[in-house]
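Geometric and topological summary
Letter by letter, the chains look like this.
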Amino acid sequence: MTETADTDFRPAQRHIRLDTILRLRWLAVLGQLAAIFIVAQGLEFNVEIVPCVSIIALSAALNLALQTVANPMHRLEPMQAAGLLALNIVELAGLLFFTGGLQNPFSFLFLAPVLISATALPARFTFGLGVLAVACASVLFFFHLPLPWDSDDPLVLPPIYLVGVWLSIVLAIGVTSLYSFQVTEEARKLADALAATELVLTREQHLTQLDGLAAAAAHELGTPLATIFLISRELEKTVKDASFAADLKTLREQTQRCRDILSKITQLSSEGAPFDRMRLSELIEEVVAPHRDFGVDIKVRIAVAVVAEPVGSRNPAILYGVGNIVENAVDFARTTVEVNAWWNKDTIELLISDDGPGIPPDILNRIGEPYLSRRRTQDAGGGLGLGVFIARTLLERTGAKVSFTNRVFPEHGAVVQVTWPRERFETIETLEETIG
């Protein structure tokens, strides 16, 4: 089993491209110009055109400057992206000041920059932008020019209605931003964890390829070493000089030693080749063996069945997945871990249990999610909670069903059940099929 550091799987820092921000800002510029044109020319309402167009012109000038100076494909730092989104909020507040404040139905556009931040930036920037948007809406509640309207039939909205508009903006910013952030965060965590799973499988594949290379090298080197061994032995018989004979003897012995080493490599590679068939009991023993010397008694029980023992391919996904579950059981067990195997003609079942504290009730239904961990070493810089997620994902890709429970009181400890359809387990799959 390969040891994979959790630091390899830490989520990447969030970034947003400048081009994305600029596209949104240009869309805002065009929409604002269209709205002013329709209100002023189409509806013939009295609009403060000069200040509104001036604000829009400054926004467009900034867009042109950014496109000229910076590469649009440049990924902005979170602080830079938040600054541009904050500028969008301030520009919108300026336009609303000249067009009726919260009486203007476009006041709900305060929500847009905060939502963008919730899906692309860290939470602290989203919170800051939300506070800025609420502050701008609060100022506009008290200070604004009249809403552009028909002068012969002026529109007068009661204060209680404006309070409702302000409250709805605040709630919309809070609720929708929180929802968007949660959904995006879960999707990001899942994507990162799946990438970690692919990395684990890639490393396992690399190890199995090394086995094949070792076997090939041993085979290719066997012939020249045999030739060297035979020649050195013949020369040793014919050379009379004692010093040369001693050197030839040393050469022959070292050559024989090389042949013995290559022979062992060949045996290891042939026994651990990636497409070898192995019985279920052999698979369990290979998984359990690395964890026997950690002060925890590992008991393996193979049920006696009328049906012949299942034989499957030596699949790295199964070895890593089951091995990770056994490793967790050993970590949390007090004295004993039990690995029980049972099968019939249709089903294969593994039960891995320990006598540790068990799975906390608050995470029992969430066990197997990425970045969910209460490992005891966490305080000392332990894992990120990816191990069980990777194990579960790999096992489910091989057709297994994985479930997590606790022992029935008064016993204590966690129980992990892994069940395969026998036909699926005994089907030879290549590693590439498992990855796909």
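How each quantity is defined
Residues numbered from 1 in each chain as written. Predicted model: local features only at pLDDT ≥ 70, side-chain atom pairs only at ≥ 80, totals over all residues. Heavy atoms only, no water. Helix = DSSP H or I, 4+ residues; strand = E, 2+ residues; numbered from the N terminus. Buried < 20%, exposed > 50% of the residue type's maximum accessible area, 1.4 Å probe, protein only. Contact = heavy atoms within 4.5 Å. Areas by Shrake-Rupley, 256 points an atom, 1.4 Å probe, with all protein chains shown as cover. UniProt positions renumbered as here; feature names shortened; annotations may be inferred. Axes fitted to C-alpha atoms, helices over the stretch in contact; angles between N-to-C directions. Parallel < 35°, antiparallel > 145°, perpendicular 65-115°, else oblique. Left-handed = near helix turned anticlockwise from the far one by under 90°. Nonpolar A, V, L, I, M, F, W, Y, C, P; charged D, E, K, R; others polar. Core = buried A, V, L, I, M, F, W, Y, C linked by side-chain atoms within 4.5 Å. Phe/Tyr/Trp six-rings, centres within 6.5 Å; stacked < 30°, edge-to-face > 60°.

Observations concerning the overall build of the protein
Across its full length, the protein holds 13 helices and nine strands. Going through the 436 residues of the protein one by one, you find that 38% of them count as buried. When contacts within the protein are restricted to residue pairs at least 6 apart in sequence, long-range pairs at least 24 apart make up 76% of them. Surface summary for the protein: the accessible area is close to 24100 Å², and the carbon and sulfur share equals 63%.

Observations regarding the UniProt feature "transmembrane region" (unreviewed entry) in the protein
UniProt's feature table lists "transmembrane region" (unreviewed entry) at residues 24-43, 49-69, 81-99, 105-122, 129-147 and 159-181, given in the numbering used throughout. In residues 81-99, helix accounts for 89% and strand for 0%; the two terminal C-alpha atoms are 27 Å from one another. Here residues 105-122 runs as 56% helix and 0% strand, with 29 Å between its end C-alpha atoms.

A short note on the packing of helix α3 (residues 78-97) against helix α4 (residues 111-120)
Contact pair α3 / α4: the axes reach a minimum separation of 9 Å and the direction vectors enclose 165°. Classed by the angle they form, the pair α3 and α4 counts as roughly antiparallel. Two packed elements cross with a definite hand, and for α3 against α4 that hand is left-handed. When α3 is examined against α4, the residues L85, N88 and I89 are found in contact with a partner set consisting of P113, V114, I116 and S117. The class makeup of the residues in the contact of α3 with α4 is five nonpolar, two polar and no charged.

Section: the nonpolar core
Soluble globular proteins tend to bury their nonpolar side chains together. Counting residues in each nonpolar core, the largest one holds 36 residues, and the members touching the most others are V322, V337, I352, L395, V418 and W420. When residues of this core are traced back to their parent elements, those giving at least two are α8 (280-288), α9 (316-332), β6 (336-343), β7 (347-354), α11 (387-397), β8 (401-406) and β9 (414-421). For this core, the leading source of residues is α9, giving seven residues. With near-sequence residues (within four places) excluded, W420 lies in contact with I318, V322, D346, T347, I348, L350, L395, T398, G399, A400 and F425. Counting residues in hydrophobic clusters, the runner-up holds 30 residues, among them A81, A82, C136 and I169.

Concerning the packing of aromatic side chains
Applying the stated criterion to the full structure yields four aromatic pairs. Here F141 and F142 contribute two aromatic rings whose centre-to-centre distance is 4.9 Å and whose plane-to-plane angle is 80°, an arrangement assigned as edge-to-face. Classification of F142 as exposed rests on a relative accessible area of 62%.

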